[in-house]
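Listed here are the chains, written in short residue letters.
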Amino acid sequence: MTKTAVIILNWNGEAMMRRFLPALVRHTADAEIIVADNGSTDNSLPMLQKDFPSVKTLAFAENYGFAGGYNRAIEAVEAEYVVLLNSDVEVTEGWLPPLVE
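Numbering of residues begins from 1 in every chain and follows the order in which that chain's sequence is written. Reporting in this predicted model follows two pLDDT cut-offs: at least 70 for local features of residues, and 80 or more for side-chain atom pairs to be given and counted; totals over whole chains, interfaces and linings ignore these cut-offs and use all residues. To get the side-chain values, take all heavy atoms of the structure and skip hydrogens and water.

Visitor: Please give an account of the packing of helix H1 (residues 14–26) against helix H2 (residues 44–51) that cites residues and values.
Guide: To get an axis, a line is fitted to the C-alpha atoms, and for a helix only the part in contact is used. The angle between two axes follows their N-to-C directions and goes from 0 to 180 degrees. Helix and strand labels come from DSSP, where a helix needs a run of H or I of at least four residues and a strand needs a run of E of at least two; each type is numbered from the N terminus. Running from N to C, H1 and H2 cross one another at 25 degrees; their axes reach a closest spacing of 9 Å. The angle between H1 and H2 falls in the class roughly parallel. By crossing handedness, the relation of H1 to H2 is classed as right-handed. Mapping the contact onto sequence places Glu14, Met17, Arg18 and Leu21 in H1 and Ser44, Met47, Leu48 and Asp51 in H2. The class makeup of the residues in the contact of H1 with H2 is four nonpolar, one polar and three charged. Here is the rule for angles: anything less than 35 degrees is roughly parallel, anything more than 145 is roughly antiparallel, 65 through 115 is roughly perpendicular, and the remaining ranges are oblique. Whether a crossing is left-handed or right-handed is set by the direction in which the near helix is turned from the far one by less than a right angle, anticlockwise for left-handed and clockwise for right-handed. Note on definitions: a residue-residue contact is assigned when non-hydrogen atoms from the two residues lie within 4.5 Å. Residue polarity is assigned by list, with Asp, Glu, Lys and Arg as charged and Ala, Val, Leu, Ile, Met, Phe, Trp, Tyr, Cys and Pro as nonpolar; anything else, Gly included, falls into the polar class.

Visitor: Explain H2 residue by residue, including any values.
Guide: Because an α-helix completes one turn every 3.6 residues, residues spaced three or four positions apart along the sequence face the same direction. Exposed residues in this analysis have more than 50% of their type's maximum accessible area, buried residues have under 20%, and partly exposed residues fall in between, with area computed by a 1.4 Å probe over protein chains only. Buried within H2 are the following residues: Ser44, Met47 and Leu48. Here the buried residues of H2 occupy an arc of 100 degrees about the axis, which is enough to place them on one side. Set apart from the buried face of H2 by more than 90 degrees, the exposed residues are Gln49 and Lys50. On its buried face, H2 is in contact with strand E1 (2–10), H1, strand E2 (32–38) and strand E3 (56–60). Working definition: the arc comes from the directions between the helix axis and the C-beta atoms, pointing outward to the latter.

Visitor: Outline the sheet that holds strand E4 (residues 79–84), listing residues and values.
Guide: Hydrogen bonding along the main chain pairs the strands of a sheet, whether they run parallel or antiparallel. We treat two strands as partners when DSSP finds at least two bridges between them. Taking strand neighbours across the sheet as the criterion, the four strands line up as E3-E2-E1-E4 in an open arrangement whose pairing is parallel. Edge positions in the sheet fall to E3 and E4, since each of these pairs with one other strand and no more. On average, each strand axis in the sheet is tilted by 25 degrees relative to the strand beside it, whichever way the strands run. Here five bridges tie E1 to E4, and the two strands are oriented parallel to one another. Pairing of Val6 across the sheet is with Val83, part of E4. Across the sheet, H1 is in contact with E1 and E2; its angle to E1 comes to roughly 160 degrees. Against the sheet, H2 engages E1, E2 and E3, with an angle of about 165 degrees to E3.

Visitor: Can you explain the pattern of salt bridges? Please cite residues and give values.
Guide: Counted as salt bridges are all cases of a side-chain nitrogen of Lys or Arg within 4 Å of a carboxyl oxygen of Asp or Glu. Under the defined criterion, the tally for this structure stands at three salt bridges. For the salt bridge of Arg18 with Asp51, the shortest nitrogen-to-oxygen distance reads 3.0 Å. Of the two residues, Arg18 is situated in helix H1 and Asp51 in helix H2; the sequence distance between them amounts to 33 residues. Since its relative accessible area comes to 33%, Asp51 is described here as partly exposed. Here Lys50 makes a salt bridge to Asp51, at a shortest N to O gap of 3.5 Å. Each of Glu14, Arg18, Lys50 and Asp51 takes part in salt bridges that share partners, so that together they form one network.

Right, dumping it as structure tokens:
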């Protein structure tokens, strides 16, 4: 089991992923990063697979809304701790350890 999983819910957020995901990947060494795609119709999934291969994706066939999408993602993840992170958050170095502690 992974100790910490960071889940981002995405819906047609390719631009947000391109802008904010690089910092998350760079500054999140000790956790699994997961993008739960809520039925996007843009290029989000192909872009994630191509440009962010270390990020796990969960692709939902439809948009389950904010709570529904996150609840489905949480159910699919096995981790001691789960961090729900909005797609428009830019993390900085050292952001996660204090939360886990």
